Amino acid sequence: LKTLAYAFFGFPIWLFGVIHGYPPYIIAKSMTPKVTGRREFYGAVGMMIGMASFLVIYSIYLLISWLIFHSFVITITYFIVLPITAVFCLYYARMVRKLYHNLKTSSKMFSAQGVLVGLISDRNDILEELEEIGIDFRTIYRDKPTVNKP
């Protein structure tokens, strides 16, 4: 329930972060193969292009913010919020993916409740059968000495 509330109330923050973080990400993703043809350098080159594109795009965002609001406080607040929401997007996406898989698993368990009851019944039958085999084993080998007594 707590995770569901976090997913619900975190959605606007995630959306803000995705809208502002998507253009630099796409620039880095599309330019990396063009800059280097060798696949083993994609990580390093992509990180460098990503840092540069985030710097340029975020500077453009801040300039637009200044031109619209003409407020130093709003521009600085926007400057602080941009990277925070970008990092929040990473954790939020991971949490929502985990929530999705948990809900999917839970729905399968509830929809297959008859199967679950059958499995529990089979487990109990197997345990009873093992207990009977243990009793038979002890009666057959009762007179013989054992090497490792507990």
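Look up a bit, the structure's there.
Keep in mind the model is a prediction, meaning the values are calculated, not measured.

Describing the pattern of salt bridges
Once the charged atoms of two side chains with opposite charge are near each other, the side chains can pair. According to the stated counting rule, one finds one salt bridge in the structure shown. The shortest N-O distance in the salt bridge between glutamate 40 and arginine 38 comes to 2.7 Å. For glutamate 40, a relative accessible area of 54% translates into the label exposed.

Some points on unusual backbone geometry
One non-glycine residue, histidine 70, adopts positive backbone phi at about 50 degrees. Here histidine 70 lies in the loop between helix H2 (42–69) and helix H3 (72–111). Histidine 70 sits in the exposed class, given a relative accessible area of 55%.

What counts and how
- Residues numbered from 1 in each chain as written.
- Predicted model: local features only at pLDDT ≥ 70, side-chain atom pairs only at ≥ 80, totals over all residues.
- Heavy atoms only, no water.
- Salt bridge = Lys/Arg side-chain N within 4 Å of Asp/Glu carboxyl O.
- Buried < 20%, exposed > 50% of the residue type's maximum accessible area, 1.4 Å probe, protein only.
- Helix = DSSP H or I, 4+ residues; strand = E, 2+ residues; numbered from the N terminus.

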